[in-house]
Structure formats: C-alpha cells, structure tokens
Amino acid sequence: MRIRQGLDRTWERLGGRNLALVVLALLVLFQIAALTLPQVPVTARDDTSFTRWLAELYPELGFATRALAATGLLTIRSSLLLRLTLALLGLVVVATADRMREAWQATPWSATPWSHSRSGQLLICLGGLLIIGGWAGQMSAGWREPEVIVWPDDPIVIEARDLTIAQPAGPIGIWKGGYGHYVIARGKRVGLEASAADATGASLPLLPAVNEAPLEMLRLTFTTQQPEAFFAITEAELIFRLNQVSEGIQVQAYRSASGEPLTETLLEPGDATALLPLRTAEVSIAQTLLPRYEVVYNPGAAFEGLGMTLLALGVVLSPGGATREQDAVSEGAAPDSTDQTIEQTG
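Criteria and cut-off values
Residues numbered from 1 in each chain as written. Predicted model: local features only at pLDDT ≥ 70, side-chain atom pairs only at ≥ 80, totals over all residues. Heavy atoms only, no water. Helix = DSSP H or I, 4+ residues; strand = E, 2+ residues; numbered from the N terminus. Buried < 20%, exposed > 50% of the residue type's maximum accessible area, 1.4 Å probe, protein only. Contact = heavy atoms within 4.5 Å. Areas by Shrake-Rupley, 256 points an atom, 1.4 Å probe, with all protein chains shown as cover. Phe/Tyr/Trp six-rings, centres within 6.5 Å; stacked < 30°, edge-to-face > 60°. Lys NZ or Arg CZ within 6 Å of the ring centre and 35° of its normal. Salt bridge = Lys/Arg side-chain N within 4 Å of Asp/Glu carboxyl O. Core = buried A, V, L, I, M, F, W, Y, C linked by side-chain atoms within 4.5 Å.

A. Spotlight on the overall build of the protein chain. Scanning the protein chain from terminus to terminus reveals nine helices and 13 strands. The proportion of buried residues among the 346 residues of the protein chain is 42%. In the protein chain, 63% of the contacts between residues at least 6 apart in sequence involve partners at least 24 apart. Within the structure as shown, the protein chain displays about 18,500 Å² of accessible surface, and the carbon and sulfur contribution to it stands at 59%.

B. Representation of the environment of Glu12 in the model. Structurally, the position occupied by Glu12 is in helix H1 (residues 2-14). Judged by relative accessible area, which is 14%, Glu12 ranks as buried. Along the primary structure Glu12 and Val92 are separated by 80 residues, whereas in three dimensions their C-alpha atoms are 9.6 Å apart.

C. Main features of the packing of aromatic side chains. On inspection of all chains with the given rule, the structure shows three aromatic pairs. Both rings, one in Phe231 and one in Phe240, keep their centres 4.9 Å apart while their planes meet at 15 degrees; by these two values the pair is stacked. Take Phe231 and Phe240: they sit in the same class, and that class is buried. A cation sits over an aromatic face here: Arg219 above Trp151, 4.4 Å from the ring centre.

D. Spatial organisation of the side chain of Ser49. The residue Ser49 is located in helix H3 (residues 47-61) in this model. In this structure, Ser49 is in contact with Val42 and Gln225, ignoring residues within four places of it in sequence.

E. How the structure looks around the pattern of salt bridges. Throughout the structure, instances matching the rule amount to 11 salt bridges. Residue Arg186 is joined to Glu294 by a salt bridge in which the shortest nitrogen-to-oxygen separation is 2.6 Å. Of this pair, Arg186 sits in strand E5 (residues 181-197) while Glu294 sits in strand E13 (residues 282-297), and the two are 108 residues apart along the sequence. Of the two residues, Arg186 and Glu294, neither departs from the other in class, the shared state being buried. A network of salt bridges, in which partner residues are shared, links Asp98, Arg101 and Glu102.

F. Highlighting the nonpolar core. Within the largest apolar cluster, 33 residues are counted, with the highest numbers of intra-cluster contacts made by Leu27, Leu74, Ile76 and Ile131. For this core, the secondary-structure elements that each account for two or more residues are helix H2 (17-36), H3, helix H4 (64-70), helix H5 (80-106), helix H6 (116-141) and helix H7 (301-317). If sequence neighbours within four positions are ignored, Ile131 has contacts with Leu27, Leu86, Leu89, Phe303, Glu304, Gly307, Met308 and Leu311. Among the nonpolar cores identified, the runner-up in size contains 26 residues, and Val190, Ala196, Leu238 and Ala274 belong to it.

Printed below as a string of structure tokens:
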C-alpha cells in the first residue's frame, strides 16, 4: 500500500505546477545559452575537433570554457541535460493530461464552467507538445554553420546550402527570405588582403588555387577548421603559406620549383600591414577585423517559442501544489471517499 501511495504521490508531483515551472526555467536557460554562447558543431566524442574548438573559444570564455562544455551549454543540440529535460517535460505532459482526465470524469464538462485550473493544465499540455515537436524538428532537420566570416559590404553566402543572406544590422537577424533561418553575430575574426608587385611596380596576379582565376587583390579568412591558407605568384615562381597561430598570422614564402624556404614573418594582431621584399616580388599583406556570424536553420523555432509561451501561461494559471482531489473540488465535484481514506491513512 505504501509503495502504491508513493507512486501516486510521485505521479501527482509530475502533473503539478512546481515541476512544470522547473522544466520551463531549464528550457529558458537552454535558449539563452544557445543565443549568447558560441555553439560547438561537434560532440565531445570527436576528441580532436572538440578540443580544437575549445582551444579556439578559450580566449573568449576564459576559465569557464571547460565548465560550460562539461554541462553541455556549448553543445545544446546534443546535450544530455537537454534530452533529459525534454523527457521530463514529456512526463509532465502525460501526468497533467491524466490529472485532467480524472477531474473531467468526476465532473462532466457541462456541469461546471471552464476554470483557470482547467485552462492552465490544457495550456501546459499544448505547450509541452509544441516544445517537444519543435526540438525534434530542430534536431532532425535543422543545421548550423558556426563560422561564417564576411567582408563588410558583402552578403553572407553559404555555398554548401545554396543560400545568400544579408548581414544583420544587430546582434541577431531573422532572414525574411526563408522560414526558420537566423543569423547571430559571434564577434570578429582576422581577414587579410594580399597584393604583390614586381621590381618596376607593376601588379602581379595572385593565384588562390589551381582551378581558380588569378586576382590582383586576394582576400583570405581563417576558421577553426581551416586555420591556414595558400596562394602563389606564378610569374615570380613563389608560393606563400599563411598560418593562424596564437601570436598572430605566420607568413612563409617558398620557391615554387624547389620548395626552398625564402623568408618568414609574423603578422601580429596590432600590425596593419606586413611587407615581404623578395628578389622577384614585393608582397603586401594587410590585416583587418571582419564580422563573424553563426547561421542557423531551425524549422522548429516558431513551435518552440509558441510552446514556451503557452507553457508559461499554463504555469501561471495552474493552482500551486494542487492534488487530484483539489482539482475535482475546483471543478465542482466532491472528492472520492476512497481517495480521502487513503490520504488520511498516509
């Protein structure tokens, strides 16, 4: 009997207001973390990539980086804590619906007017279902591009997604050209503009890759996954390697025919321009800070937002600490005598 009573009390608490409030607070925390904290696009199981991302975030987050990563706040979509919270929300919805069923069986709808308690419970159920559906849509069909670096006057172009988006005016932008696309500002990253001239001052074209056309002005950016870049000056028989290190940008020049190293210099964060005077060319590399964005496609965001609003309203309207007997009384029916006896013996 005591085990049955304990299970009944636990089930009642699952359908109560307090637990719904705790779940709502956790979901709000996850949403705030996803908007304000940079999100690592790989899971902790991918040790090499995950460690590289944490090292990249350390200058921004400091000593809190490891703690945030351990709690899953830097990997919200794959966080175990989020999945447990959604599972708990599912139990709250089922328990609340069961409480409504018992109250409505004791008191027919036509016997009493619609109450705040009944409205609150219904909103909790609807809000919980919308939140779970929204998160399921995000995790199954959503995607995230964590490092999109753009020059000031250019639009955001994601070739892999065949998507072009205008840069947002504020920290968060909602793209009106398609449903579910969001752009979040994530600080600044280094961009480089390289040019070269021969001994007479004539411009030398720079070759960014074998299959690309040469350019007189070459723009380069670095990401966590691609911290280095290459270009060549065919006429001068030179190859350049640029590598992003903790101290700045390391620039190395080689002979294209033999691979012989010619010179090396470090472009530090405070330096505006680096000049590399070589026998066959003079190379200028200018450094600038570019906006960095995170582009998110979340088809369930609208459902999540509506669901959290309904859940919050349901928590406000639901009676605090109500039992099934109190629900029945609030609907206009007397509590069952058997249940009263169980409560008194408990």
